[in-house]
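Commentary on secondary and tertiary structure
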Amino acid sequence: MEALRGTYDLYDKEILIHMEIVNTLKEIAQTYNFDEIKTPLIEKTELFSRTTGNSSDIVRKEMYSFLDKGDRNISLRPELTAGVVRSFLSNKIYGKRQSQYKFFYYGEAFRYERPQKGRYRQFHQFGVEMFGDETVYSDVEVILMASSIIKKLGLENKVKLKINTIGSAAERRLYSDILRNHFKNYKDDMCDDCKSRLEINPLRILDCKIDNNKEYIKDAPQLKNNLNTSSLKRYAEVLVLLDDLGIEYEEDTTLVRGLDYYNDIVFEFVYDNTHTLIGGGRYDTLVDEIGNINMPAIGFGIGIERIVEAFKEQHKEYVSTIEKTIDVMYVGLTEKAYPIILKSMNKLREEGVICSCLYNKSGLKGNLKEALRLNSIYLVIIGEDEIEKGEVTVKNLITQEEQALKLANFEEDILNIKD
Ligand code: HAM
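To keep things clear, this report deals only with the structure shown in the data block. Not measured: the values here are computed from a predicted model. (Residues numbered from 1 in each chain as written. Predicted model: local features only at pLDDT ≥ 70, side-chain atom pairs only at ≥ 80, totals over all residues. Heavy atoms only, no water.)

So, on to the site of the ligand. Taken together, 26 residues lie around the ligand, and E79, T81, E113, E129 and Y262 are the ones closest in. Within the side chain of Q125, a nitrogen or oxygen atom sits 3.0 Å from an oxygen atom of the ligand. Contact between the ligand and F300: a nitrogen atom at 3.4 Å from a main-chain N or O atom of the residue. Considering the ligand on its own, with 660 Å² of exposed area, one finds that the protein chains cover 96% of that surface. (Near = heavy atom within 4 Å. Polar contact = N/O pair within 3.5 Å; in protein donor to acceptor, adjacent residues only side chain to side chain. Areas by Shrake-Rupley, 256 points an atom, 1.4 Å probe, with all protein chains shown as cover.)

This is the structure:
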């Protein structure tokens, strides 16, 4: 039986690369003083319709929703921000501490999309959310963090930061009417999705992947010209701070993001002009809409599959060196050796040494082959002769040196040589 369309299994070298990248992201998040949070994969469907947004493609077409055995309407999370906001509210985290709450997360998300390169139905996101800080400095710090991730992964030459301001919800409502007015004359020319976006959310017509080269999109009235001075001032301040930090960006007036909750600053880090690796922005009204608490917020989400793919493309040589290694491979040449091996491995493992043994009497040749496949450093051979003499043969597979050590305490010698 095959894995479901749009899903895949992660094992062998792929999981090593995936986790190496995730661990790098976690380390960076910790240097920014973000704390890890883990929320459920399933939530009430209502949470996503109220946060991600009824007018987003995600909620309208891509959710895995079902009634559970208690007739509750449940969905697999299509993104992680909504769950973090729910958790922030339901655990009353906001009342417990100071004025700034910073979280990072890593986990699966599910969207019923048409699978293609970099687009899965089950994928992983790493993200951060910062609550409680409405300053432009928090905007810039979060963007800086995403930018340092790109740099740390050595992708800066291939990735562009696109940035825009989408103003407040009230400003967007007015602008939506202006856009609707402009676009209504071109309805016949539009893809089916845009036809329905015209009513539901005309801003999304601006970043339609199908119609993006059409003249009526290029000629559309710009949001920037319909924003008030405080929105524009904030945007200008963010750009000055980014300049000051030497962070390159491209202003993109068509960037509106696919989720409904954003306001003011939105941004994306785009790889090779095609795949968005990181998407985020400010969402100051969401916590209030769900929990009646005034709590500004900003964050971003990274598609791990996409960032892994980009990393593999840009670092082919390094990726070829990522391999599983073990410290000691034990070879039992007689049944009597195995109980001794079990004890010995236990001693070494308690000291953090990675050990393994094939209990199949595949002989020295078979074991050696496996030891080499696993990039083992030492081979420990225990046969009839060795047991009789109270010895073990230890072979260093890198230097090819071989020595006989005392069966009673050879583990100490291994620990000493290993150090
Ligand atoms: P998003 O742009 O929908 O934003 O997703 C973030 C990232 O997840 C995308 O840039 C992309 O790399 C990855 N992604 C999305 N869909 C797929 C897919 N089907 N297959 C593989 N990767 C995918 C959010 O989800 C927001 N929650 C981000 C955020 C956090 N905004 C504020 N805080």
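On to the side chain of D139. Structurally, the position occupied by D139 is in helix α5 (residues 136-152). Looking at D139, the relative accessible area reads 0%, which means it is buried. Residues in contact with D139, not counting those within four places in the same chain, are R234, V238, I265, R282 and I298. (Helix = DSSP H or I, 4+ residues; strand = E, 2+ residues; numbered from the N terminus. Buried < 20%, exposed > 50% of the residue type's maximum accessible area, 1.4 Å probe, protein only. Contact = heavy atoms within 4.5 Å.)

What follows concerns the environment of E309. Mapped onto the secondary structure, E309 falls in helix α12 (residues 304-314). Put simply, E309 and T276 are 33 residues apart on the chain and 12 Å apart in space, counted from C-alpha to C-alpha.

Time to look at the packing of α5 against helix α10 (residues 229-244). Where α5 meets α10, the closest approach of the two axes is 9 Å, and the angle between their N-to-C directions is 45°. With respect to their mutual orientation, α5 and α10 come out oblique. By crossing handedness, the relation of α5 to α10 is classed as right-handed. Residues V136, Y137, D139, V140 and I143 of α5 touch α10, and the partners they reach there are R234, E237, V238, L241 and L242. Considering only residue class, the contact of α5 with α10 consists of seven nonpolar, no polar and three charged. (Axes fitted to C-alpha atoms, helices over the stretch in contact; angles between N-to-C directions. Parallel < 35°, antiparallel > 145°, perpendicular 65-115°, else oblique. Left-handed = near helix turned anticlockwise from the far one by under 90°. Nonpolar A, V, L, I, M, F, W, Y, C, P; charged D, E, K, R; others polar.)

Following the criterion strictly, the structure yields one cavity of 30 Å³ or more and no others. Around the largest cavity sit I37, K38, T39, R77, L80, Y105, Y106 and G107, which together line it. Of the residues belonging to the lining of the largest cavity, the class tally is four nonpolar, two polar and two charged. (1 Å grid on protein atoms, 1.4 Å probe; cavity = no way out; pocket = protein on both sides within 12 Å on 5 of 7 lines; lining within 4 Å. Points joined across faces, edges and corners; volume = space filled by probe spheres on them.)

The subject of this paragraph is the pairing of strand β10 (residues 275-282). Burial runs high along β10: six of the eight residues are buried. With seven bridges joining them, strand β9 (residues 263-271) and β10 adopt antiparallel strand pairing. Paired with E268 across the two strands is G279, which belongs to β10. Here β9 hands over to β10 after three residues, with D272 in that stretch at a positive phi of 55°. The sheet contact formed by β10 and strand β11 (residues 297-303) spans five bridges and is antiparallel. (Pairing = 2+ DSSP bridges.)

Read across the sheet, three strands follow the order β2-β4-β3 without closing on themselves; strand pairing throughout is antiparallel. If you trace the sheet from one side to the other, it starts and ends with β2 (42-44) and β3 (65-67), each paired once. Pairwise comparison of adjacent strand axes, ignoring direction, gives a mean angle of 35° for this sheet. Pairing analysis gives three bridges linking β2 to strand β4 (residues 73-76), with the strands arranged antiparallel. Residue pairing across strands places K44 opposite I74, the latter belonging to β4.

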